[in-house]
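Here is what each chain is made of, one letter per residue.
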Amino acid sequence: MSSPSIDIELDSLKDAVSMALEYAKTLGTSGAEVAISKQQGLSVSTRMKEVETVEFNKDGALGITVFRDGCKGSSSTSDLSKAAIEQAVKAANDIARFTSADEFNGLADKSLMATQFPDLDLYHPQDISPEELTRLAILAEEAALDTDKRVQTSDGASANAHTSVKVYGNSHGFLNGFCSSRYSLSCVAIGEHEGGMQRDYDYTVARKFNEMCAPELIGRKAAEKTAGRLGGRKIATTQLPVLFSPEIATGLMGHLVGAISGGSLYRKSSFLLDAIDTQVFPDWFSIHEDPLLVGALASAAYDSEGVATKARDIIDNGRLATYLTTSYSARKLGIANTGHAGGIYNWTLSTTGQTFDQLVKEMGTGLIVTEVMGQGVNTVTGDYSRGAAGFYVENGVILYPVEEITIAGNLKDMYKNIVAVAKDRDLRSSIRTGGILMDKMKIAGN
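Residues numbered from 1 in each chain as written. Predicted model: local features only at pLDDT ≥ 70, side-chain atom pairs only at ≥ 80, totals over all residues. Heavy atoms only, no water.

Under an unreviewed UniProt entry, the protein has the name Peptidase PMbA and belongs to Shewanella sairae.

Printed below as a string of structure tokens:
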């Protein structure tokens, strides 16, 4: 895969954005913004050590939004010729003539635009052949099938190499772009024992190809997780401490993202309305956001409206320190724009210093949750009820796998009842956390 060509396009894409903005100006718009993204990548999937698919993708599009006195119109094109771009700008302008005015529409304030663009070390192109990705996927599958005799089947492995370039510009004079790379490998194993079957997976993701975990480790972990789930049973309905594995803890904090996002707040569909500077978590608990973390998976010098990002505390000693706003939601709510158009950046949770295994021991008797199912989270009330699977723990020792149960609570109480956060963090997403131990949750079983 000839990745290096993607960064050569950066200057020509900037020219295309400039051209679109200039043309929008000639049409008498009060403001315009243009974004182009181009991706190219190679994906190989195997099943039972045989190649199943090899996909090469190269695509991209230009999107333009124009504003006319509070009215907004958007259009897009994948054709980056001058004529096609002008046609897209004209279409957006025509749409803006027929939409209703909204006083909160418009570009983010000019004073908020990013002016510094540090090298965040996000781009590491590497020529990778389909044969190399195939080799990695098959090595992962081989390791999975050699780990435990109860795991005789693979549900496939997938190896991916992708690079992308993004350029954003607006009529404040902001114009910038950057390239990024992402490599990943995953493996899914299927196990069978005494008529029962289970499946589980593991994966690795990195900006640099050589910083992915070894395929043998991914396959082995997938098989170990699968084998560990065999022979699962229900437990009696009860209340117990619950230890969320890091992957599930990430999702638990994802509900916080939704609850403090401007869109949820101005729609009054959040359980954390009017919660700024109130105690939401225990007083030892903090979440720090760092958009400029070098080489991380969720780093950016500016958001998708050109607003400069900056490090900030989201939760400060248990108190909610900020909401997450875009230009529109900030105006609608009458508060500051925090530069979160496009998502969050490298949230890191504070820890209580123990490893995950130490928390298992400290929990005594309780439940480790390694999987949740269903959509049972009400972000308006905070009510939380999800199907779950994991392991039953007694006297700090894992006794057996558990399945077909439901865990329930309210996120407000759950957040306040966090007892500990493990120090061995999962760094594979924008929320960087270890396992999270809850004091008590309702568990519905037999």
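Still more to cover.
**Digging into the overall build of the protein**
Secondary structure assignment for the protein yields 10 helices and 17 strands. Relative to the globule expectation of 22 Å for 446 residues, the C-alpha radius of gyration of the protein, 24 Å, shows essentially globular dimensions. Relative to its full complement of 446 residues, the protein shows a buried share of 50%. When contacts within the protein are restricted to residue pairs at least 6 apart in sequence, those whose partners lie at least 24 apart make up 73%. For the protein, the separation between the mean place of its 43 positive charges and that of its 55 negative charges on side chains is 4 Å. (Helix = DSSP H or I, 4+ residues; strand = E, 2+ residues; numbered from the N terminus. Rg over C-alpha atoms; globule rule 2.2 N^0.38 Å. Buried < 20%, exposed > 50% of the residue type's maximum accessible area, 1.4 Å probe, protein only. Contact = heavy atoms within 4.5 Å. Lys, Arg positive; Asp, Glu negative; His and termini not counted. Charge placed at Lys NZ, Arg CZ, Asp CG, Glu CD.)

**Some words on the sheet that holds strand β9 (residues 312-316)**
A sheet is described by the order of its strands in space; here five strands give the open sequence β10-β9-β8-β11-β16, paired in mixed fashion. Both outer strands of the open sheet, β10 (319-320) and β16 (431-432), are each paired with one neighbouring strand and no more. (Pairing = 2+ DSSP bridges.)

**Digging into the pairing of strand β6 (residues 196-206)**
Examined bridge by bridge, strand β5 (residues 175-193) and β6 share 11 bridges and lie antiparallel to one another. When the bridges of β6 are listed, Cys187 appears paired with Asp202. A loop of two residues connects β5 with β6, the two strands running antiparallel in sequence, and Glu194 in this loop sits at a positive phi of about 50°.

**Quick notes on the UniProt feature "domain: Metalloprotease TldD/E N-terminal" (unreviewed entry) in the protein**
Per the UniProt record, the feature "domain: Metalloprotease TldD/E N-terminal" (unreviewed entry) sits at residues 32-96. Between the end C-alpha atoms of residues 32-96 the distance is 11 Å, and the span holds 23% helix and 65% strand. (UniProt positions renumbered as here; feature names shortened; annotations may be inferred.)

**Focus: helix α5 (residues 215-229)**
The periodicity of an α-helix, 3.6 residues per turn, causes residues three or four places apart in sequence to face the same way. Here α5 contains 15 residues, and its C-alpha end-to-end distance of 22 Å stays within 8% of the 21 Å for a straight helix at 1.5 Å per residue. All of the buried residues in α5 are Pro215, Ile218, Gly219, Ala222, Ala223, Thr226, Ala227 and Arg229. The arc that holds the buried residues of α5, viewed along the axis, is 165°, so those residues lie on one side. At its buried positions, α5 is contacted by α4 (130-147), β5, β6, β12 (366-373), β13 (383-394) and β14 (397-410). Within two residues after α5, Gly231 carries a phi angle of roughly 80°, on the positive side. (Expected span 1.5 Å × (residues − 1). Arc of directions from axis to C-beta.)

**Structural notes on the packing of α4 against α5**
When two helices pack together, their arrangement is given by the angle between the helix axes and the distance between those axes. In contact at an axis separation of 7 Å, α4 and α5 are set at 40° when each is read in the N-to-C sense. What the angle tells us is that α4 and α5 run oblique. For the crossing formed where α4 meets α5, the hand is right-handed. For the pair formed by α4 and α5, the contact residues are Leu136, Leu139, Ala140, Ala143, Ala144 and Thr147 on the first element and Pro215, Glu216, Gly219, Arg220, Ala223 and Glu224 on the second. Taken together, the residues of the contact of α4 with α5 break down into seven nonpolar, two polar and three charged. (Axes fitted to C-alpha atoms, helices over the stretch in contact; angles between N-to-C directions. Parallel < 35°, antiparallel > 145°, perpendicular 65-115°, else oblique. Left-handed = near helix turned anticlockwise from the far one by under 90°. Nonpolar A, V, L, I, M, F, W, Y, C, P; charged D, E, K, R; others polar.)

**Overview of the packing of aromatic side chains**
Given two aromatic rings, their pairing is described by the distance between the two centres and the angle made by the two planes. Counted by the stated rule, this structure contains 14 aromatic pairs. Judged by centre distance (6.3 Å) and plane angle (20°), the ring pair of Tyr201 and Tyr203 falls under stacked. Its relative accessible area of 43% is what places Tyr201 among the partly exposed residues. Residues Phe281 and Tyr415 carry aromatic rings whose centres are separated by 4.6 Å and whose planes lie at 25° to one another, so their mutual orientation is stacked. A residue pair is termed long-range when its members are at least 10 positions apart, and Phe281 in the loop between α7 (262-266) and β8 (287-289) and Tyr415 in helix α10 (residues 411-416) qualify at 134 residues. Exposure class is identical for Phe281 and Tyr415. Each is buried. Cation over ring: Lys332 sits above Tyr266, and NZ or CZ is 5.4 Å from the ring centre. (Phe/Tyr/Trp six-rings, centres within 6.5 Å; stacked < 30°, edge-to-face > 60°. Lys NZ or Arg CZ within 6 Å of the ring centre and 35° of its normal.)

**Observations regarding the environment of Lys310**
As for its placement among the helices and strands, Lys310 is situated in the loop between β8 and β9. A sequence separation of 196 residues divides Lys310 from Ala114, and the C-alpha atoms of the two residues are 10.0 Å apart. Those residues in contact with Lys310 that sit more than four places away from it in its chain are Glu289 and Pro291.

**Overview of the UniProt feature "domain: Metalloprotease TldD/E central" (unreviewed entry) in the protein**
Residues given the UniProt feature "domain: Metalloprotease TldD/E central" (unreviewed entry) here are residues 123-229. Secondary structure across residues 123-229 divides into 31% helix and 45% strand, with the first and last C-alpha atoms of the span separated by 38 Å.

**Quick word on the nonpolar core**
Counting residues in hydrophobic clusters, the biggest one holds 49 residues, and the most contacted among them are Phe244, Leu252, Met253, Trp347, Tyr384 and Ile407. If sequence neighbours within four positions are ignored, Met253 has contacts with Phe281, Phe285, Ile287, Trp347, Leu349, Tyr415, Ile418, Ile431 and Ile436. (Core = buried A, V, L, I, M, F, W, Y, C linked by side-chain atoms within 4.5 Å.)

**A look at the pattern of salt bridges**
Close approach of charged atoms allows side chains with opposite charge to pair. Within this structure, the stated rule accounts for 20 salt bridges. For the salt bridge of Glu9 with Lys38, the shortest nitrogen-to-oxygen distance reads 2.8 Å. With Glu9 in the loop between α1 (5-8) and α2 (10-26) and Lys38 in strand β1 (residues 31-47), the pair connects residues that are 29 residues apart, well separated along the chain. Linking Glu86 and Lys82 is a salt bridge whose minimum nitrogen-to-oxygen distance equals 2.9 Å. One end of the pair is Glu86 and the other is Lys82, both in helix α3 (residues 82-98) and four residues apart, which spans about a single turn. (Salt bridge = Lys/Arg side-chain N within 4 Å of Asp/Glu carboxyl O.)

**Describing the pairing of strand β4 (residues 153-170)**
Along β4, 13 of the 18 residues are buried, which leaves the element largely enclosed by surrounding structure. Strand direction decides the pairing type here: β1 and β4, joined by 14 bridges, are antiparallel. Across the sheet, residue Ile36 finds its bridge partner in β4, namely Val167. Alignment of β4 against β5, held across 16 bridges, turns out to be antiparallel. Across the sheet, residue Thr163 finds its bridge partner in β5, namely Ser181. Linking two consecutive strands that pair antiparallel, namely β4 and β5, is a turn of four residues; a positive phi of about 100° is found at Gly173 within it.

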